[in-house]
Amino acid sequence: MQPKLIIHGGAGSSLIGKGGVEIVRQSLTKVLEEVYPLLLAGESAQAAVVRGCQLLEDDPRFNSGTGSVLQSDGQIRMSASLMDGTNQRFSGTINVSRLKNPIALAQALQNFPDRVLSDYGSAELARELQVPIYNPLTDMRLQEWWQERQENFVKEAAGVVAEADLFTSTEAGRGTIGVVALDSQGSLAAGTSTGGKGFERIGRVSDSATPAGNYATSQAAVSCTGIGEDIIDECLAARIVVRVTDGMSLAAAFDRSLVEAQSRQRDLGAIGIDRTGAICWGKTSQVLLAAYHTGETIGDTLEWSDNALTGSV
Ligand code: ASP
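Residues numbered from 1 in each chain as written. Predicted model: local features only at pLDDT ≥ 70, side-chain atom pairs only at ≥ 80, totals over all residues. Heavy atoms only, no water.

## Things to note about the packing of helix α7 (residues 236-245) against helix α8 (residues 250-263)
Phase 1 of the analysis: Closest axis-to-axis distance for the α7/α8 pair is 9 Å, and the angle between their directions is 140°. The pairing of α7 with α8 is recorded here as oblique in orientation. Crossing angle aside, the handedness with which α7 passes α8 is right-handed. On the side of α7, the interface is formed by Leu236, Arg239, Ile240, Arg243 and Val244, while α8 contributes Leu250, Ala253, Phe254, Arg256, Ser257, Leu258 and Glu260.
Phase 2 of the analysis: Partitioned by chemical class, the residues of the contact of α7 with α8 number seven nonpolar, one polar and four charged. (Axes fitted to C-alpha atoms, helices over the stretch in contact; angles between N-to-C directions. Helix = DSSP H or I, 4+ residues; strand = E, 2+ residues; numbered from the N terminus. Parallel < 35°, antiparallel > 145°, perpendicular 65-115°, else oblique. Left-handed = near helix turned anticlockwise from the far one by under 90°. Contact = heavy atoms within 4.5 Å. Nonpolar A, V, L, I, M, F, W, Y, C, P; charged D, E, K, R; others polar.)

## Description of the sheet that holds strand β6 (residues 188-194)
Phase 1 of the analysis: The eight strands lie next to each other as β4-β3-β2-β6-β5-β1-β11-β12, forming an open sheet whose pairing is mixed. Because the sheet does not close on itself, it has two edges, and the strands there are β4 (116-117) and β12 (298-300).
Phase 2 of the analysis: Bridge analysis of strand β1 (residues 4-12) against strand β11 (residues 287-293) gives six bridges, and the strand direction is antiparallel. By the bridge assignment, Ile6 is partnered in β11 with Tyr292.
Phase 3 of the analysis: Sheet strands in contact with helix α1 (residues 20-40) are β1, β5 (177-182), β11 and β12, and its direction is about 155° off that of β1.
Phase 4 of the analysis: Relative to the sheet, helix α4 (residues 119-128) contacts β3 (89-96) and β4, its axis offset from that of β3 by approximately 100°. (Pairing = 2+ DSSP bridges.)

## Re the environment of Ser285
Phase 1 of the analysis: Positionally, Ser285 belongs in the loop between β10 (279-283) and β11.
Phase 2 of the analysis: On the basis of relative accessible area, Ser285 is assigned to the buried category, the value being 6%.
Phase 3 of the analysis: Measuring from C-alpha to C-alpha, the distance between Ser285 and Gly12 comes to 5.7 Å, with 273 residues separating the pair along the chain.
Phase 4 of the analysis: Those residues within four positions of Ser285 in sequence are excluded, and the remaining contacts are Ala11, Gly12, Asp267 and Leu268.
Phase 5 of the analysis: Polar side-chain contacts of Ser285 include one of 3.2 Å to the backbone oxygen of Val287. (Buried < 20%, exposed > 50% of the residue type's maximum accessible area, 1.4 Å probe, protein only. Polar contact = N/O pair within 3.5 Å; in protein donor to acceptor, adjacent residues only side chain to side chain.)

## Considerations on the sheet that holds strand β8 (residues 220-226)
Phase 1 of the analysis: Spatial strand order, β7-β8-β9-β10-β13: five strands in an open sheet with antiparallel pairing. Lying at the two open borders of the sheet, with one neighbouring strand each, are β7 (214-216) and β13 (310-312). Adjacent strand axes in the sheet meet at a mean angle of 10° when their direction is disregarded.
Phase 2 of the analysis: Taken together, the three bridges between β7 and β8 define a ladder with antiparallel strand orientation.

## Overview of the pattern of salt bridges
Charged atoms that come close allow side chains of opposite charge to pair.
Phase 1 of the analysis: Enumeration according to the criterion identifies 17 salt bridges in this entry.
Phase 2 of the analysis: A salt bridge links Arg25 to Glu22, with the shortest nitrogen-to-oxygen separation between them at 2.7 Å. Taken together, the positions of Arg25 and Glu22, both in helix α1 and three residues apart, correspond to about one turn of that helix.
Phase 3 of the analysis: Of the charged contacts in the structure, one is a salt bridge between Asp58 and Lys100, with a shortest N-O distance of 3.8 Å. Placement of the pair is Asp58 in helix α2 (residues 45-58) and Lys100 in the loop between β3 and α3 (102-108), with a sequence separation of 42 residues.
Phase 4 of the analysis: Judged by its relative accessible area of 35%, Lys100 is partly exposed. (Salt bridge = Lys/Arg side-chain N within 4 Å of Asp/Glu carboxyl O.)

## A look at the packing of aromatic side chains
Phase 1 of the analysis: Here the structure, examined in full by the defined rule, presents three aromatic pairs.
Phase 2 of the analysis: When the ring of Trp281 is compared with that of Tyr292, the centres are 5.0 Å apart and the planes differ by 10°; the resulting orientation is stacked. Within this pair, whereas Trp281 is found in strand β10, its partner Tyr292 is found in strand β11, the two being separated by 11 residues in sequence. Tyr292 shares its class with Trp281; the two are buried. (Phe/Tyr/Trp six-rings, centres within 6.5 Å; stacked < 30°, edge-to-face > 60°.)

## Structural notes on the environment of Thr192
Phase 1 of the analysis: Examined against the element boundaries, Thr192 turns out to sit in strand β6.
Phase 2 of the analysis: With 22 residues separating them along the chain, Thr192 and Asn214 place their C-alpha atoms 6.3 Å apart.
Phase 3 of the analysis: Of note is the side chain of Thr192, whose polar atom sits 2.6 Å from the side chain of Asn214.
Phase 4 of the analysis: In this structure the side chain of Thr192 is engaged in a polar contact, spanning 2.7 Å, whose partner is the side chain of Ser223.

## Comments concerning the packing of α1 against α2
Phase 1 of the analysis: Contact geometry for α1 and α2: axes closest at 9 Å, N-to-C directions at 160°. The pairing of α1 with α2 is recorded here as roughly antiparallel in orientation. As for the relative orientation of α1 and α2, their crossing is right-handed in sense. Residues Leu28, Val31, Glu34, Val35, Leu38 and Leu39 of α1 touch α2, and the partners they reach there are Ala45, Ala48, Arg51, Gly52, Leu55 and Leu56.
Phase 2 of the analysis: Looking at the contact of α1 with α2, its residues break down into nine nonpolar, one polar and two charged.

## Here's the deal with the site of the ligand
Phase 1 of the analysis: Neighbouring the ligand are 14 residues; Thr176, Arg204, Asp207, Thr225 and Gly226 lie closest to it.
Phase 2 of the analysis: Asp207 is positioned with one of its side-chain polar atoms (N or O) 2.6 Å from a nitrogen atom of the ligand.
Phase 3 of the analysis: Gly226 has a polar backbone atom sitting 2.7 Å from a nitrogen atom of the ligand.
Phase 4 of the analysis: For the ligand, the accessible surface in isolation is 270 Å², of which the surrounding protein chains cover 100%.
Phase 5 of the analysis: Of all the secondary structure elements, the ones that give two or more residues to the shell around the ligand are β8 and α6 (228-234). (Near = heavy atom within 4 Å. Areas by Shrake-Rupley, 256 points an atom, 1.4 Å probe, with all protein chains shown as cover.)

Pasting the structure below:
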């Protein structure tokens, strides 16, 4: 089977900043170029998804791992989940602090009887697994928080990518990351990792470590980004995947689900792959930072400006 790969670095209201598109394109392409060969070499979809998420978490441009946004109290709390479509198994960590790669903790949880852990439990597990302590804070995110604090948190969410130009912008945006892969055995997996929507209340739970934001079966796999509350209200990832599992094509499932989300004024985006190798994406937000590898071509959605809610390849 020809492996397929799609990744995202969030959705939001705009990609401001000179050279913004090119810089984000370079970041996403680098990840595709490192992860796709793993799939060609016979690695599983799950392994490829975890590697892709780690690379995106390590890139300070995106709001996950290093470069995560700060919450209202100035702390970073990250959430990540992994779903393997083959055994249809979901695992995740919610509001974890002081580690480098939340997706690695989500992967470790695949083999535990308790597979979704919140803050305290995640910290205990990280200690048990001897995961090194790491501070994911970047200067840019600190400045961004500081500026918002001076303005009494008027923005609804943090910047889509950690770019200096965004600090002077009044545009809001998000920047979670996600990876969906189909491997040479025909197995699917999805992973999503986030620092949250930024400036949120302590204890707020993101969609990223729920099946609303990240879901996979043997038929399809989807990762979402955008306002977590909107994604949860639509139960978007599971909604799209279940439609495919019930017989709809991935493109039709994306179309229908995004039209429904749009009718309810949701602000979100999603990427997905089905077992036939179809790759789809969709957004109700203005931009979706997604890029894909079909085996023959690499493409992205960075300059997608028509009014269509979905696209596919
Ligand atoms: N969905 C994430 C959240 O609400 C944010 C994002 O996708 O950027 O926590």
